[in-house]
Amino acid sequence: MSSGAARPRVRMTGAQRRQQLLDIGRELFAQRGYEATSIEELAARADVSKPVVYEHFGGKEGLYAVVVDREMQRLLDRFASAFAAGGHPRDLLERAALVLLDYIEEDTDGFTVLSRDSPVTSASGTYSSLIGEVARKVEHILGSQFDARGYDRHLAELYSQALVGMVALVGQWWLETRTPGKREVAAHLVNLAYNGLAHLDPAPGLADAPES
């Protein structure tokens, strides 16, 4: 056989091909975004014809939806694992901050896909819905703490959205800067969030509120 002979393609099972397309899609959507990624490029990178992509996912939107859903579940599983052991509220806040920063550091492509704007026609989860899922988990924890401290439990939803939104927005900023270090960022987040909760006014008002 001559050294220039073409190497035969390695045949894949349907499951292997699907996984390959998901991995390639994850990388391309992270690099280029949804709109700039084409079926042609996806197929070329996988060394398959376009009909193969359509066969597995029905098109680019279907592939994108599965990539997003998979990344959402991966991150939610990390949060669930971090919260499973319970513990002091400060410890839970530290774990939550580090879970997100670890994910950004270790699965940068996945986080980039989640934090980009999804196509308006997509019915799948978006970054905002992911944040909502995490906030619901935090709300349960805050609710019990509010009960113990005599605060209105119904406000736990508001505070959980505020806390998770703060961590998520800082996470997006840190994705670009990567400085200061991950643990220092987490420490400052926890400092602001926990010390704010520790000295929470049960009936706050605005300083410039009009006199009655």
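Residues numbered from 1 in each chain as written. Predicted model: local features only at pLDDT ≥ 70, side-chain atom pairs only at ≥ 80, totals over all residues. Heavy atoms only, no water.

Caption draft 1: How the structure looks around the packing of helix 5 (residues 89-106) against helix 8 (residues 156-177). Close contact between helix 5 and helix 8 brings their axes to 10 Å; oriented N to C, the two are set at 30°. With respect to each other, helix 5 and helix 8 are oriented roughly parallel. Considering how the two elements wind past one another, helix 5 and helix 8 form a crossing that is right-handed. Note on element contacts: helix 8 touches helix 5 through L163, V167, A168, G171, W174 and L175, opposite L93, A97, L100, L101, I104 and E105. For the contact of helix 5 with helix 8, the residue count by class is 10 nonpolar, 1 polar and 1 charged. (Axes fitted to C-alpha atoms, helices over the stretch in contact; angles between N-to-C directions. Helix = DSSP H or I, 4+ residues; strand = E, 2+ residues; numbered from the N terminus. Parallel < 35°, antiparallel > 145°, perpendicular 65-115°, else oblique. Left-handed = near helix turned anticlockwise from the far one by under 90°. Contact = heavy atoms within 4.5 Å. Nonpolar A, V, L, I, M, F, W, Y, C, P; charged D, E, K, R; others polar.)

Caption draft 2: Fine view of helix 6 (residues 108-115). Along helix 6, 6 of the 8 residues are buried, which leaves the element largely enclosed by surrounding structure. Looking at helix 6, one finds that the buried residues are G110, F111, T112, V113, L114 and S115. (Buried < 20%, exposed > 50% of the residue type's maximum accessible area, 1.4 Å probe, protein only.)

Caption draft 3: Highlighting empty space enclosed by the protein. The tally for this structure, following the rule as stated, stands at 1 cavity of 30 Å³ or more. Along the walls of the largest cavity sit 32 residues, with L93, V138, L142, L163 and L197 positioned nearest its centre. Those elements that place two or more of their residues in the lining of the largest cavity are helix 4 (60-84), helix 5, helix 7 (127-149), helix 8 and helix 9 (182-198). For the lining of the largest cavity, the per-class residue count stands at 30 nonpolar, 1 polar and 1 charged. (1 Å grid on protein atoms, 1.4 Å probe; cavity = no way out; pocket = protein on both sides within 12 Å on 5 of 7 lines; lining within 4 Å. Points joined across faces, edges and corners; volume = space filled by probe spheres on them.)

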